[in-house]
Amino acid sequence: MMIGQNSQSEKKDYQIQREWMLVAFGNFTKEELVKNKAGINLTSKMEFGKIKGQAFMGCNKMFFSSEFRNEGKVKISGIGSTMMACENMKLEGAFSENFKDMTHYKVEGHFLILSDDKGNSMKFVAADWD
């Protein structure tokens, strides 16, 4: 371990590390996303450049690792979830399938936009924004 690495793991990027509500994704309406309380939580402490995140799309609790890098690059890995069977799993299935492929990010005001190399995107709004 290099000296100074511990201090890096203590840093917090307040622009990224917050709770985000999903407001635009695929063919799902904003009303569907709000009803399902769809969102991601990136508030955990950064460790070695990675943020342990959580996601919820209305049924199972999901977890993942994320690395927000320079030049707007993001890497999502280690996605897992609880295994409850729910009545409507369309949103959760689509989110799980697409989330791992997100490779770019940008923060615009109170919005976080994740996108992949095929033109797919997910738009989130900061949960603490009025």
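The structure contained in this document is the topic of the report that follows. (Residues numbered from 1 in each chain as written. Predicted model: local features only at pLDDT ≥ 70, side-chain atom pairs only at ≥ 80, totals over all residues. Heavy atoms only, no water.)

### Observations regarding the state of the cysteines
Put simply, the rule is: Put simply, a disulfide is two cysteine sulfurs that come within 2.5 Å. Elements are defined by DSSP. Helices are runs of H or I of four residues or more, strands are runs of E of two residues or more, and each kind is numbered from the N terminus. For every residue, the accessible area (1.4 Å probe, protein chains only) is compared with the maximum for its type, and the residue is labelled buried under 20%, exposed over 50%, or partly exposed between those bounds.
One pass over the full model with this rule turns up one disulfide. Residue pairing for Cys59: its cysteine sulfur links by disulfide to Cys86, the two sulfurs lying 1.6 Å apart. Measuring the twist about the S-S bond at about 70°, one finds the Cys59-Cys86 disulfide to be right-handed. Of the two residues, Cys59 sits in the loop between strand S4 (50-56) and strand S5 (61-68) while Cys86 sits in the loop between strand S6 (74-81) and helix H3 (90-99), which places them 27 residues apart along the sequence. The partly exposed category is assigned to Cys86, whose relative accessible area is 27%.

### Observations concerning the packing of aromatic side chains
For the record, the criterion: Within 6.5 Å between ring centres, the rings of Phe, Tyr and Trp (the latter by its six-membered ring) count as paired, and their orientation is classed by plane angle as stacked under 30 degrees, edge-to-face over 60, tilted in between.
Per the counting criterion, the structure on display carries five aromatic pairs. Seen in terms of ring centroids, Phe25 and Phe95 are 6.4 Å apart; in terms of plane orientation they differ by 80°. Their pairing is edge-to-face. With a gap of 70 residues between them, Phe25 in strand S1 (residues 19-25) and Phe95 in helix H3 connect regions that are remote in the sequence. Each member of the pair Phe25 and Phe95 is classed as buried. Ring geometry for Phe95 against Phe99: centres 4.6 Å apart, planes inclined by 20°, an arrangement best described as stacked. Residue Phe95 and its partner Phe99 are both found in helix H3; the two are separated by four residues, about one turn of the helix.

### Focus: the environment of Ser65
Counted only if it meets this: The contact criterion used throughout is that any non-hydrogen atoms of two residues lie within 4.5 Å. In protein, a polar contact means a hydrogen-donor-capable atom and an acceptor-capable atom, both N or O and within 3.5 Å, with residues adjacent in sequence counting only if both atoms are side-chain atoms; elsewhere, any N or O pair within 3.5 Å suffices.
Within the element layout of this structure, Ser65 appears in strand S5. Beyond its immediate stretch of four places on either side in the chain, Ser65 contacts Ile51, Lys52, Lys75, Ile76 and Ser77. Among the polar contacts made by the side chain of Ser65, one reaches the side chain of Lys52 at a distance of 3.2 Å.

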